[in-house]
Amino acid sequence: MSSTEGGAHAHHDDHHHPVDGFMRKYVFSVDHKWIGIQYGMTALIFLLFGFGLMMIMRWSMAYPGVEVPWVGQWLWPDTGGAMPSEAYNQFGAMHGTIMVFLGVVPLAVGAFGNYVVPLQVGAPDMAFPKLNMASFWCYLPGGVIMLASFFLPGGAAQSGWTSYPPLSVTIEATGQTFWLIGMVFLITSSLLGSVNTIVTIVQLRAPGLTWFRLPFFVWTQLVTAFLLLLAFPPLEAAGLMQLSDRVFDTNFFLPQGLMLNGDPLNNVGGGSALLYQHLFWFLAHPEVYVLILPAIGIVGEIIANNTRKPLYGYKTLIYASIFLGFMSFIVWAHHMFMTGMGTSISAFFQTTTMIISIPSVIILTALLLSLWGGSIRLTTPMLFALSFLPMFAIGGLTGLPLGLISSDIHLHDTYYVIGHFHYVVAPGTLMALFGGIYYWFPKMTGRKMSDVLGKLHFWGSFVTLNGVFMPMFIQGLGGVSRRLFDGGEAYAHAEPYLWLNKVMTHSAFLLGAFQVFFIINFFMSIFIGRKVDANPWKATTLEWTDAPSPPVGHGNFEHTPVVYRGPTEYSVPGHDKDFTPQSEPDPAPPEPEPEPEPAEEPAEAPAGAEASAGEEK
Amino acid sequence: MQIPYAVTERPDTGLNNAKLGIWLFLASEVMLFGALFSSYIFLRVSAPEWEMGVPEAAQNPAVWPLQFQKLKVALACLNTVFLIFSSVTMVMAWAELKRNNWAKHKLYLGLTIGLALAFMVIKAIEYGGKFSHGDFPSTSNFYAIYYTMTGLHGLHIVGGVAVLAYLFFFGKKMWNTEPERFAGRIEITGLYWHFVDLVWIFLFPVLYLL
Ligand code: HEM
Ligand SMILES: [Cu+2]
């Protein structure tokens, strides 16, 4: 780091220990790259675990009462190895919680955000390295507390990932309390992480990296961080209130005259279960954009790189993302149309929900149009990014009927809902995240992952994911409810759709089998993957052009990069190569040296971006 | 390796990292307390109204009570004064630091801590009085939200006192070596402290008077 850049620096004694011990380097590391990898590995393990829970559940849905292969005898010896319904409830609640809060978000935000953002903005690290470490060390205990709850009396949480009262308060299981405590840890972790991300992006951008020269991925991470920062605290409040309902016998969420198993609860009452739902969804709707926005950012990076052409409508994408983030705070009650909260409130949220679909469609369209006229390289990451587009489209469009009150009355709490949001988070986000792993793996390790195994992984996952989730729409339209441990066998109206359970279950097991290719590929490539140079994809952004693969030690860049242009200047006419790095000055005519500190008056930033947009045309 | 703008301001944003960080943190705190205030409104609006002159109403815990009859307004007034003064002394501590007057800085910082502790003592007396009357969080939703909000606010005071005490007892070393950085720390601690004070300014009328 040149010291001129930050002005007169005070001496940071905490960064000058000559020897970094093992603990400092690998366990309590303050290097964003290593923390990113810690996040990534942990999140992948949680994803696998959450998926494992679901495979067992899927078995129970297709073959209710039949011994679960391999693990049944060991888990439930008393039932002859068949999954009991209480276990199904535990697994279901934990599947949702683990996938959302311990799997996808930590991977998308904790891992990719941490690893890539400082590199893409040309920063030596996150703005607060120690907070970054603290963030990981809140996440891991949060996860461990969640997992530990399986071994408590009464088992893990059983009232869904939403933890709706009154069930979540009246239920005996200690795991339900642990769920709340675990959430407090996870919320703290994401609070620390989001402050760090925002400050890093606002403050540590390299000289010349104006707002409209930021890679699109950085923008999505910025919006995501704001969502996490502002949406999680209300859930924290709700969690604390629910904890107090459970532990101190308060009645925040319990109405008077509640009956439990036919007996009056004789509670003081006065509380409202609806209040919890409002607080929960105030978080949980923005949360779905937290799940999707980083994935959109990753797809944007991969598409620009593999079409060798600038993103279509770069600025529109940014404005749409910001608008999306803003709107996501005022649509939450579309999850509550069935609660009887009143028609005018429902009408309001129906309207905002229709409005929020507009920026989503804009984003998708812009990404799709980015393919137009490109010379597409079908690399492994590109396959994943390409598949994201139709999958996200299916997920998004099937959401519209859920946002319209009259159709939601029919579809609410059916498998249609499960199909809808899984298209967004599994074939959508997860595939994009896999694409991101294939894309940035060379940056993290200096080696490429195998394309043969990668393509097997891709096609296998793509086909089987659709095999799992497409039939859910049919079942849901037929009226089959979610959260049924027998897959609907007890209901006459589900009868015609029961065979689909077997299709989905077998697809899920095949999906699991195809992940083996990924796991083998991942670990094999770390050691024997093909060695690559710093910029194997011939990309333009700083992490590829200004740092070796993997970037050196703590500090990332030998010299602070200086940025001269927008993020996706591919195939610029008149240039000798088809990519022009952000840090490459224009050869002729010589540009006046940009000021080392970019002026950031609103008038200034768009001007810089217009210049670069002009070159894109 | 050094993080740019850890101490100095970035020219185009006019902020250093810590200051932006604390503002973002406070924004999330606003959402946290905002959710609790919203819950207060939600619970109160949906509770049956207190009817004056109907003695049974006072017995029904689901009925929202007349708050000023339940809580000690005088003690809370005193606490409000303590916190407002502690905000003033906090600013003074920072100003004296800027004037390079270490002794006075310590005096004001110490006063801030003292006032915060006085606030906690009064709060403890209030809580004790309620407990001895058998008014627990489980007694009614009014008490539940009262204890939750004041309890969470109290935790913020405790956190603030811990940081202030750290700066009070161990600040000298950094002041000698990196005065700029130390002044920055006092400033952002002050921002946090004013926020905690402000929360109380809202809590007081909402819980005690309205
Ligand atoms: C990729 C493989 C996956 C499969 C096969 C799968 C399957 C399922 C199924 C069948 C259900 C419904 C259970 C029921 O209603 O009884 C479910 C629920 C759920 N899944 Fe997944 N899922 C997968 C991945 C994910 C991912 C990646 C996420 C989140 C990011 C996720 C989040 C959820 C949530 C939140 C629920 C609702 C849990 C509840 O009812 O409380 N799933 N999943
Ligand atoms: Cu929603």
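Predicted model, so just to flag it, every value in this text is computed and none were measured. (Residues numbered from 1 in each chain as written. Chains lettered and ligands numbered in written order. Predicted model: local features only at pLDDT ≥ 70, side-chain atom pairs only at ≥ 80, totals over all residues. Heavy atoms only, no water.)

*Asks:* Explain the overall build of chain B to me, please; I cannot follow it from the model alone.
*Replies:* Counting secondary structure elements, chain B contains 7 helices and 0 strands. Seen along its three principal axes, the alpha-carbon backbone of chain B occupies a region of about 65 × 35 × 25 Å. Taken over 210 residues, chain B has a buried fraction of 50%. Excluding contacts between residues fewer than 6 apart, the proportion of contacts in chain B whose partners are at least 24 apart in sequence is 72%. Of the accessible surface of chain B, which amounts to about 9,400 Å², a share of 71% is contributed by carbon and sulfur atoms. Counting 15 positive and 13 negative side-chain charges, chain B places the centres of these two groups 10 Å from one another. (Helix = DSSP H or I, 4+ residues; strand = E, 2+ residues; numbered from the N terminus. Buried < 20%, exposed > 50% of the residue type's maximum accessible area, 1.4 Å probe, protein only. Contact = heavy atoms within 4.5 Å. Areas by Shrake-Rupley, 256 points an atom, 1.4 Å probe, with all protein chains shown as cover. Lys, Arg positive; Asp, Glu negative; His and termini not counted. Charge placed at Lys NZ, Arg CZ, Asp CG, Glu CD.)

*Asks:* Would you take a moment to explain the overall build of chain A for this structure?
*Replies:* Looking only at helices and strands, chain A features 19 helices and 4 strands. Against the globule reference of 25 Å for 617 residues, chain A gives a C-alpha radius of gyration of 25 Å, in line with a compact fold. Taken over 617 residues, chain A has a buried fraction of 61%. Nonlocal contacts in chain A, meaning residues at least 24 apart in sequence, comprise 78% of its contacts between residues at least 6 apart. In the form shown here, chain A has an accessible surface area of approximately 22,900 Å², with 70% of it arising from carbon and sulfur atoms. (Rg over C-alpha atoms; globule rule 2.2 N^0.38 Å.)

*Asks:* Mind showing me how you'd approach the nonpolar core here?
*Replies:* Counting 239 residues, the largest nonpolar core has Met83(A), Met94(A), Phe112(A), Leu214(A), Ile296(A) and Phe388(A) as its most contacted members. Apart from residues no more than four positions distant in its own chain, Phe388(A) is found in contact with Ile292(A), Ala295(A), Ile296(A), Val299(A), Gly428(A), Thr429(A) and Ala432(A). (Core = buried A, V, L, I, M, F, W, Y, C linked by side-chain atoms within 4.5 Å.)

*Asks:* Can you help me understand the interface of chain A and chain B in this one?
*Replies:* Frequently, the measure chosen for interface size is the accessible area that the parts lose on association. Chain A puts 56 residues into the contact, and the matching count from chain B is 43 residues. Taken together, the two surfaces of chain A and chain B that pack against each other cover about 4,200 Å², and 67% of this comes from carbon and sulfur. Taken together, chain A and chain B are joined by 0 salt bridges. Scanning the region where chain A abuts chain B turns up 7 residue pairs in polar contact (both at pLDDT 80 or more). Where the side of chain A that touches chain B is concerned, the elements lending two or more residues are helix H7 (174-203), helix H8 (216-247) and helix H9 (273-307) of chain A. (Buried area = accessible area lost by both parts, 1.4 Å probe. Salt bridge = Lys/Arg side-chain N within 4 Å of Asp/Glu carboxyl O. Polar contact = N/O pair within 3.5 Å; in protein donor to acceptor, adjacent residues only side chain to side chain.)

*Asks:* How should the coordination of the iron atom of ligand 1 be read in this particular structure?
*Replies:* Residues and elements named next belong to chain A. Within the protein, His95 (NE2) and His422 (NE2) serve as the donor atoms for the iron atom of ligand 1, at 1.9 to 2.1 Å. Coordination at the iron atom of ligand 1 is octahedral: its 6 donor atoms span angles of 88 to 178° at the metal. You can see histidine 95 sitting in helix H4 (residues 85-120) and its partner histidine 422 sitting in helix H15 (residues 415-445), a full 327 residues away along the chain. (Donors = N, O, S within 2.8 Å, 3.2 Å for Na, K, Ca; no water. Tetrahedral: all angles 85-135°; square planar, octahedral: opposite > 155°, others 65-115°.)

*Asks:* Help me understand the confidence of the model for chain A, please; the structure alone is not making it clear to me.
*Replies:* Parts of the prediction with low pLDDT should not have their coordinates interpreted in detail. All names here are of chain A. Predicted confidence across chain A gives a mean pLDDT of 91, with 92% of residues reaching 70 or more. Scored below 50 in pLDDT, residues 1-18 shows 33 contacts in the model against residues more than four places distant or in partner chains. This model gives residues 599-617 a pLDDT under 50, and the stretch forms 17 contacts once residues within four places in sequence are excluded. (pLDDT = per-residue confidence, 0-100.)

*Asks:* Where do I start with the packing of aromatic side chains in this structure?
*Replies:* Any pair of aromatic rings gets described here by the distance separating the centres and the angle formed by the planes. Residues and elements named next belong to chain A. Using the criterion set out here, one finds 74 aromatic pairs over all chains in the structure. Ring geometry for phenylalanine 22 and tyrosine 26: centres 5.3 Å apart, planes at 45°, overall tilted. Here tyrosine 26 and phenylalanine 22 lie together in helix H1 (residues 22-27), a separation of 4 residues that amounts to about one turn. Ring centres of tyrosine 423 and phenylalanine 473 lie 5.4 Å apart, and the angle between their planes is 15°; this geometry places the pair in the stacked category. (Phe/Tyr/Trp six-rings, centres within 6.5 Å; stacked < 30°, edge-to-face > 60°.)

*Asks:* Sorry if this is basic, but what is going on with the coordination of the copper ion (ligand 2) here?
*Replies:* For a metal with four donors in a tetrahedral arrangement, the ideal angle between donors is 109.5 degrees, while six donors in an octahedron ideally sit at 90 or 180 degrees. Listed as protein donors to the copper ion (ligand 2) are His285(A) (ND1), His334(A) (NE2) and His335(A) (NE2); their distances from the metal cover 1.7 to 2.0 Å. Along the chain, the residues that donate to the copper ion (ligand 2) are spaced as H-x48-H-H.

*Asks:* Is there a simple way to explain the side chain of Thr97(A) in this structure?
*Replies:* Residues and elements named next belong to chain A. Structurally, the position occupied by threonine 97 is in helix H4. For threonine 97, a relative accessible area of 0% gives the class buried. In contact with threonine 97, not counting residues within four places along its chain, are Leu102, Met146, Trp161 and Trp179.

*Asks:* Please clarify how the packing of helix H5 (residues 102-132) of chain B against helix H7 (residues 179-209) of chain B should be interpreted in this entry.
*Replies:* To characterise two packed helices, one gives the angle between the axes of the helices and the distance between these axes. Residue and element names in this part refer to chain B. Between H5 and H7, the least distance of the axes is 13 Å, while the angle of their chain directions is 30°. Taken together, the axes of H5 and H7 are roughly parallel relative to one another. In the packing of H5 onto H7, the handedness of the crossing is left-handed. Two secondary-structure elements touch here, H5 through Trp102, His105, Leu109, Thr112, Ala116, Phe119, Lys123 and Glu126 and H7 through Phe182, Ile186, Trp193, Trp200 and Tyr208. Classifying every residue of the contact of H5 with H7 gives 9 nonpolar, 2 polar and 2 charged. (Axes fitted to C-alpha atoms, helices over the stretch in contact; angles between N-to-C directions. Parallel < 35°, antiparallel > 145°, perpendicular 65-115°, else oblique. Left-handed = near helix turned anticlockwise from the far one by under 90°. Nonpolar A, V, L, I, M, F, W, Y, C, P; charged D, E, K, R; others polar.)

*Asks:* Help me understand the pattern of salt bridges in this model?
*Replies:* Where side chains of opposite charge bring their charged atoms close, a pairing between them can arise. The full count for this structure, using the stated rule, is 12 salt bridges over all chains. With its nearest N and O atoms 3.0 Å apart, the salt bridge here joins Glu96(B) to Arg99(B). Judged by its relative accessible area of 6%, Glu96(B) falls in the buried class. Here Glu178(B) and Arg181(B) are joined by a salt bridge, their closest N and O atoms 3.1 Å apart. Look at the salt bridges and you will find they share partners, linking Arg565(A), Glu569(A) and Asp586(A) into a network.

*Asks:* Explain a nonpolar patch on the surface to me, please; I cannot follow it from the model alone.
*Replies:* Residues and elements named next belong to chain A. A cluster of nonpolar side chains, contributed by Leu48, Val516, Ile519, Ile520, Phe523, Met524, Ile526, Phe527 and Ile528, occupies part of the molecular surface with about 810 Å² of accessible area. Residue contributions to the nonpolar patch peak at 8 residues, all from helix H17 (residues 498-528). As for its placement among the helices and strands, leucine 48 is situated in helix H2 (residues 32-62). On the basis of relative accessible area, leucine 48 is assigned to the partly exposed category, the value being 47%. (Patch = residues over 30% accessible without salt bridge, like charges linked within 9 Å, V, L, I, M, F, W, Y side chains within 5 Å.)

*Asks:* Sorry if this is basic, but what is going on with the side chain of Ser507(A) here?
*Replies:* All names here are of chain A. Take serine 507: it is sitting in helix H17. Judged by relative accessible area, which is 12%, serine 507 ranks as buried. Engagement of the side chain of serine 507 in a polar contact is seen with the backbone oxygen of valine 503, the distance being 2.9 Å. Leave out the neighbours within four places in its chain, and serine 507 touches Thr464, Gly467 and Val468.

*Asks:* Even after reading the chapter, I still don't get H7(A), so can you show me in this structure?
*Replies:* Residues spaced three or four apart along an α-helix face the same direction, because each turn holds 3.6 residues. End to end, H7(A) covers 44 Å across 30 residues, agreeing with the expected 44 Å (1.5 Å per residue, within 8%). H7(A) sits mainly inside the fold: 24 of its 30 residues count as buried. (Expected span 1.5 Å × (residues − 1).)

*Asks:* Where do I start with the confidence of the model for chain B in this structure?
*Replies:* In the predicted model, chain B carries a mean pLDDT of 93, and 98% of its residues have values of at least 70. Of the two predicted TM-score estimates for the complex, the pTM is 0.92 and the ipTM is 0.94.

*Asks:* Honestly, the environment of Pro587(A) in this entry has me stumped. Any pointers?
*Replies:* All names here are of chain A. Counting through the fold element by element, proline 587 comes out in the loop between helix H18 (542-545) and helix H19 (604-616). Classification of proline 587 by relative accessible area gives exposed; the value is 63%. C-alpha of proline 587 to C-alpha of histidine 575: the two residues are 12 residues apart in sequence and 9.7 Å apart in space.

*Asks:* Got a minute to help me understand helix H1 (residues 17-46) of chain B in this structure?
*Replies:* Its 30 residues place the ends of H1(B) 44 Å apart at the C-alpha level, agreeing with the 44 Å of an ideal helix rising 1.5 Å per residue. With a side-chain oxygen lying 3.3 Å from the backbone nitrogen of Ala18(B), the N-terminal cap of H1(B) falls on Asn16(B).

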